[in-house]
Amino acid sequence: MDFQTLASHAKRTQGRHILDLFKDAGRAMAFSTHADGLLFDYSKTNLDRDALEFLLAEAERAGLAEKRDAMFSGAKINETEGRAVLHTALRAAFGTVVEVDGENVIPGVRATRDRMAEFANAVRDGSYIGQGGKITDVVNIGIGGSDLGPVMAVKALAPYCNGPRCHFISNIDGAHLADVLKGLNPETTLVIVASKTFTTIETMTNAASAKAWMGALVADPGAQFAALSTSAEKTADFGIDASRVFGFEDWVGGRYSMWGPIGLSLMIAIGPENFADFLAGARAMDDHFRKADLRQNLPVLLALVGMWHHQGLGYATRAVLPYEQRLERLPAYLQQLEMESNGKRVSMDGADLQSVSGPVVWGEPGTNGQHAFYQLIHQGTAIVPCEFMVGKQGFEADLSHHHHLLVANCLAQSEALMKGRSLAEATEIMAAKGLTGDELDRQARHRVFPGNRPSTTLIYDKLTPFVLGQIVALYEHRVFVEGVLLGINSYDQWGVELGKELALALGPVLSGEEVPDGKDPSTRMLVQHLQS
Ligand SMILES: O=P(O)(O)OC[C@H]1O[C@](O)(CO)[C@@H](O)[C@@H]1O
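Definitions and cut-offs
- Residues numbered from 1 in each chain as written.
- Predicted model: local features only at pLDDT ≥ 70, side-chain atom pairs only at ≥ 80, totals over all residues.
- Heavy atoms only, no water.
- UniProt positions renumbered as here; feature names shortened; annotations may be inferred.
- Helix = DSSP H or I, 4+ residues; strand = E, 2+ residues; numbered from the N terminus.
- Rg over C-alpha atoms; globule rule 2.2 N^0.38 Å.
- Buried < 20%, exposed > 50% of the residue type's maximum accessible area, 1.4 Å probe, protein only.
- Contact = heavy atoms within 4.5 Å.
- Areas by Shrake-Rupley, 256 points an atom, 1.4 Å probe, with all protein chains shown as cover.
- Lys, Arg positive; Asp, Glu negative; His and termini not counted.
- Charge placed at Lys NZ, Arg CZ, Asp CG, Glu CD.
- Near = heavy atom within 4 Å.
- Polar contact = N/O pair within 3.5 Å; in protein donor to acceptor, adjacent residues only side chain to side chain.
- 1 Å grid on protein atoms, 1.4 Å probe; cavity = no way out; pocket = protein on both sides within 12 Å on 5 of 7 lines; lining within 4 Å.
- Sits in = over half its atoms within 2 Å of the grid points.
- Nonpolar A, V, L, I, M, F, W, Y, C, P; charged D, E, K, R; others polar.
- Pairing = 2+ DSSP bridges.
- Axes fitted to C-alpha atoms, helices over the stretch in contact; angles between N-to-C directions.
- Right-handed = clockwise from strand over helix to strand, strands pointing away.
- Core = buried A, V, L, I, M, F, W, Y, C linked by side-chain atoms within 4.5 Å.
- Salt bridge = Lys/Arg side-chain N within 4 Å of Asp/Glu carboxyl O.

Per an unreviewed UniProt entry, the chain is named Glucose-6-phosphate isomerase, and its organism is Thalassovita autumnalis. The UniProt entry for the chain carries the following comment under Sequence similarities (unreviewed entry): "Belongs to the GPI family." In its Catalytic activity (unreviewed entry) section, UniProt records this for the chain: "alpha-D-glucose 6-phosphate = beta-D-fructose 6-phosphate".

Looking at the overall build of the chain
Counting its regular elements, the chain contains 21 helices and 15 strands. Against the globule reference of 24 Å for 532 residues, the chain gives a C-alpha radius of gyration of 25 Å, in line with a compact fold. On the principal axes, the C-alpha backbone points of the chain span a range of 80 × 60 × 60 Å. Across the 532 residues of the chain, 51% fall into the buried class. The long-range share in the chain, meaning contacts at least 24 apart out of those at least 6 apart in sequence, stands at 75%. Total accessible area computed for the chain in this model is approximately 23,200 Å², and 53% of it derives from carbon and sulfur atoms. Counting 48 positive and 63 negative side-chain charges, the chain places the centres of these two groups 4 Å from one another.

Details of the site of the ligand
Looking at the ligand, there are 14 residues lining it, with Ser146, Ser195, Thr197, Thr200 and Glu340 nearest. At 2.6 Å, a side-chain N or O of Ser195 approaches an oxygen atom of the ligand. Within the contact set of the ligand, an oxygen atom lies 3.2 Å away from a side-chain nitrogen or oxygen of Gln336. Under a 2 Å grid-point criterion requiring more than half of the atoms, the pocket assigned to the ligand is the largest pocket. Class assignment for the residues of the shell around the ligand results in two nonpolar, nine polar and three charged.

Some remarks on the sheet that holds strand 9 (residues 189-194)
Pairing is parallel in the open sheet, where five strands are placed in the order 8-7-9-10-11. With partners counted over all chains shown, the strands left at the sheet margins are strand 8 (165-169) and strand 11 (245-247), one partner each. For this sheet, the mean inter-axis angle between neighbouring strands, taken without regard to orientation, is 20 degrees. Two strands pair when backbone bridges link them, and strand 9 and strand 10 (residues 225-229) are joined in this way by four bridges, in the parallel orientation.

Observations regarding the UniProt feature "active site" (unreviewed entry) in the chain
Mapped onto the present numbering, the UniProt feature "active site" (unreviewed entry) falls on Glu340, His371 and Lys500. With the annotated positions falling across 161 residues, the maximum pairwise C-alpha distance of 36.3 Å shows that they are not confined to a single cluster. The annotated residues named above include Glu340 and Lys500 as those lining the largest pocket. Counting through the fold element by element, Glu340 comes out in helix 14 (residues 330-342).

What to know about the pairing of strand 12 (residues 317-323)
Across the seven residues of strand 12, six count as buried, placing the element largely inside the fold. Sheet analysis places strand 12 next to strand 13 (residues 360-362), joined by three bridges and oriented parallel. In the strand pairing of strand 13, Arg318 is matched with Val361. A crossover links strand 12 with its parallel partner strand 13, the connecting element being helix 14, and its sense is right-handed.

Describing the nonpolar core
Nonpolar side chains tend to gather and get buried jointly when the protein is soluble and globular. Membership of the largest hydrophobic core comes to 113 residues, with the highest contact counts inside it found for Leu190, Trp251, Tyr333, Met389, Leu468, Tyr475 and Phe480. Aside from chain neighbours lying at most four places away, what touches Met389 is Val320, Leu321, Pro322, Tyr323, Leu327, Leu330, Leu458, Tyr460, Ile471 and Tyr475. Residues Val191, Ala207, Phe225 and Phe238 belong to the second largest nonpolar core, which totals 20 residues.

Considering unusual backbone geometry
Residues other than glycine predominantly adopt negative phi, and peptide bonds predominantly adopt the trans conformation. Omega for the peptide link from Gly366 to Thr367 comes to 5 degrees, which places this bond in the cis form. Its place among the elements puts Thr367 in the loop between strand 13 and helix 15 (374-379). The backbone of Asp36 sits at a positive phi, close to 45 degrees, despite the residue not being glycine. Its place among the elements puts Asp36 in the loop between strand 1 (32-35) and strand 2 (38-41). In this structure, Asn452 takes a positive phi of about 60 degrees despite not being glycine.

Section: the side chain of Arg68
For Arg68, the position within the fold is in helix 5 (residues 64-73). For Arg68, a relative accessible area of 8% translates into the label buried. Apart from the residues within four sequence positions on either side, Arg68 is in contact with Phe289, Arg290, Asn297 and Phe480.

Quick word on the pattern of salt bridges
Two side chains carrying opposite charge are able to pair once their charged atoms lie near each other. Evaluated as defined, the whole model comprises 28 salt bridges. Across the pair Asp20 and Lys23 runs a salt bridge whose closest N-O atoms are separated by 3.6 Å. A salt bridge links Lys344 to Asp492, with the shortest nitrogen-to-oxygen separation between them at 2.8 Å. Separated by 148 residues along the polypeptide, Lys344 in the loop between helix 14 and strand 13 and Asp492 in the loop between helix 19 (465-486) and helix 20 (497-510) bring together distant segments of the chain. With relative accessibility at 15%, the residue Lys344 sits in the buried group. Taking the relative accessible area as the measure of exposure, Asp492 reaches 5% and is therefore buried. Within this structure, Arg318, Glu338, Glu387, Arg478 and Glu482 form a network of salt bridges that share partners.

Okay, here's the thing in structure tokens:
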């Protein structure tokens, strides 16, 4: 990416109001695009045709199409770990051929999916039972990519959840385990240990405690455990029979893994057919990403708008604001997807990045966020580009008036952010209330909305499994595009290692061992305080 030219485009737009861009009568149509039932509107941004053309040309210059094809074909684009990046293979059509080291991986994907479906059906219909009868509850123990996707999707697809209740334990904090297990019957609970590596300290500690909880009542607790992992050896050591182990390969990154075995809890919750629809939605987005012209390509446009705001205009964060209560965990899911992928400081070849890397991503569902942090978004000094999303329809037919208000709020927020309210307008409002003189001026100034604040809006029909698959894959590919333009490796996560190492060393200290030499004075003081 030519960041200098990007900066000069950004500079050129300074002081210009987004509303002025709508003097171009075709803007709303030109700066929005449709794909497979989704509408993405990015017209309420300060991106103009020249800047967009520049960004599109940069995407071409960066070899985006070739790099995208390399990813889909199984090339080892995760160079720092020597791995292919093939979460797309987990949802590819079964006739597809995708080779890693000369071997077609699709038959293996299919065999594992068939085994998952067989097991999910058995849990759902009661042909697999716990030692106290039919499984009533499923507890997924995992963290990061082995947790956030299934949690988010089980909540998102609540109208489709007709299997056993699903619960999730991730935090090493014993409170999480205790609160989830409290009230569950060990004899009718299935525990799924989800860990790609099967070494993650949080997951292994929680899994051991859950096994002890179950072992207090159940003669053979291992028989009510399943495992999702790349390590058959470690799952066997833990005492889980191979028939309930669902493996995957190292070419599936943790935060991209919910399409395969890590999605087992979701498959049990919604059933294999709905799970297949979820994959079909992602596959539709894959096809769109591969085939659509860059100008109509949703992941490409979402990425370019994101880079315009962050790398171009210097906005430090972006908010993801789903007007869909059931997407309440989507912002947390996207935090890992985007920040673990693109929060990097060196490019693929190890050189310092020439620009800022990925932004801070955060958010909450609307309308709750409106009553919490929208004050800052509207009147604070930091500009936060907002990514709104909303469905045309809800599921609660008898509550359609709620849905109309929900959608009205979503549209009103993007309008308010863009238009704002001028001092003249605020003065008129306050004068009508009888204020005059200095007091009128003072009160009016507090009621000014600067406006000119950018947002995008994604509209889908209804939050079905297919649509959820589309949305998640859209964001996955957005991360890829931004990664290519930044020249980084979006598929490693070395930044999580140092803290893990230090925590491992500190564990025994907090159990009473001496503080080792070389600890900094602050950490030493905190440890001593905790030990006292
Ligand atoms: O599935 P695992 O191996 O337990 O890893 C869990 C998570 O830990 C990380 O490696 C680092 O936080 C994530 O990338 C991953 O999703």
